[in-house]
Each structure stands twice: as structure tokens, then as C-alpha cells.
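Here is how the chains run, residue by residue.
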Amino acid sequence: MLQLADETATLALGEKFANILHPGLIVFLCGDLGAGKTTLTRGILHAMGYQGKVKSPTYNLVEIYKFSRLYLYHFDFYRFNDPIEWEEAGFRDYFNENTICLLEWPEKADKLLPDADIKVFFRFHQSGREIKIQAGTEKGKLCLKHW
Ligand code: ADP
Ligand code: MG
């Protein structure tokens, strides 16, 4: 369990997270609205060298970030409710060996999704947040060894 006292701490965790992420990983970000999922993603993207604004993909389900050797897809399934949307957008193809996929509200797309390599659970705790990081696959376990 990690304690994150303020937004800066969440961004710093994202920076640390960026060091262990590699193409092919699927990361679920689980927790209520306002728990810090997008903030963590922002920390990760900034550490990877992305200078721009990190928008919440709530209205279009995914934001795409292209780096020299990989794509990072930031999904937010909060407003997802139709599996046809998944098919039409071709989301299945977004999960492959050249991409890092970070997903907010994965429980809303449940059975359509591949297994998470890593799951991050966010909870409100006093004025800050409490976070738990878990491996979901062997790949995820190996990855977390470098933490
Ligand atoms: P989510 O994507 O989970 O809905 P956001 O990342 O958009 O949540 O964060 C919501 C708010 O929580 C933001 O205003 C952010 O500054 C704040 N926040 C992020 N991390 C922390 C923290 N560790 N302690 C207190 N506030 C935080
Ligand atoms: Mg969010």
C-alpha cells in the first residue's frame, strides 16, 4: 500500500511507473471518479517525454500518444456501454506488442478486455490517496520486480 498525500505525489508515482513500463503491457487503473487515475497517467506521460496537455479521454474513450518506438493508449471506459462501439473502433487491435495500454474504468468493458498485466487500485484516504499495485500475469510480475 502506498500513501500519496497530494497530487504531486501521484505525479511522482507516475514518473516511477514510467521506468518499468514497456511495450506489450496492459495496465488497469481502478478507483472512483476523482481518485487520481488520470493524474497518474499524466505523470507517466510526462516522464516519457510527452510535453503536451494530458486530457481525460472520458468523451471519446481513448487518447493516443505516439512515441518513437511505441504507442501509448489511454482509455477511459466510464461512458462505454455498447460492445458494438468496441468493434467499430477496432479496439482489439490496440492491444499488441508495440503498445502500452492504460485503462480507466476497465470494469465497464469487462469481458471484451484482455487480462491486465498490472492493476492499480486507488482509494481516497484522508485528504490524499492510497494505492495498491498488483500483478495480474507473469509478464506483470516480472515487470514489477524492477520497481
Ligand atoms: P480520476 O481520473 O481517477 O477520475 P483525476 O486524476 O482526474 O481522477 O484526479 C482528480 C483530482 O484529484 C485532481 O484534482 C487531482 O489533482 C487530485 N489528486 C490526484 N492525486 C491526489 C492525491 N494523491 N491527493 C489528493 N488529491 C489528488
Ligand atoms: Mg480520469
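Here the structure is shown first, and the text comes after it.
Note that the structure is predicted; figures quoted are calculated from it, not measured.

### Brief notes about the side chain of Thr99
Argument step 1. Looking at the secondary structure, you find Thr99 in strand β5 (residues 99-104).
Argument step 2. By relative accessible area, Thr99 is classed as buried at 3%.
Argument step 3. Once you skip the residues sitting within four places of it in the chain, Thr99 turns out to touch Pro23, Gly24, Leu25, Tyr71, Tyr73 and Tyr94.

### Regarding unusual backbone geometry
Argument step 1. Non-glycine residue Trp105 carries a positive phi angle of around 55 degrees.
Argument step 2. Counting through the fold element by element, Trp105 comes out in the loop between β5 and β6 (118-125).
Argument step 3. Although it is not a glycine, Gln126 sits at a positive phi angle of roughly 50 degrees.
Argument step 4. Overall, the relative accessible area of 75% leaves Gln126 in the exposed class.

### Topic: the side chain of Glu104
Argument step 1. Looking at the secondary structure, you find Glu104 in strand β5.
Argument step 2. Of the side chains with opposite charge, Lys37 lies nearest to the buried Glu104, which makes no salt bridge, at 4.4 Å.
Argument step 3. If near-sequence neighbours (up to four positions away) are discounted, Glu104 is found in contact with Leu29, Lys37, Thr38, Thr41, His74, Phe75, Asp76 and Phe77.

Cut-offs and rules
- Residues numbered from 1 in each chain as written.
- Chains lettered and ligands numbered in written order.
- Predicted model: local features only at pLDDT ≥ 70, side-chain atom pairs only at ≥ 80, totals over all residues.
- Heavy atoms only, no water.
- Helix = DSSP H or I, 4+ residues; strand = E, 2+ residues; numbered from the N terminus.
- Buried < 20%, exposed > 50% of the residue type's maximum accessible area, 1.4 Å probe, protein only.
- Contact = heavy atoms within 4.5 Å.
- Lys, Arg positive; Asp, Glu negative; His and termini not counted.
- Salt bridge = Lys/Arg side-chain N within 4 Å of Asp/Glu carboxyl O.

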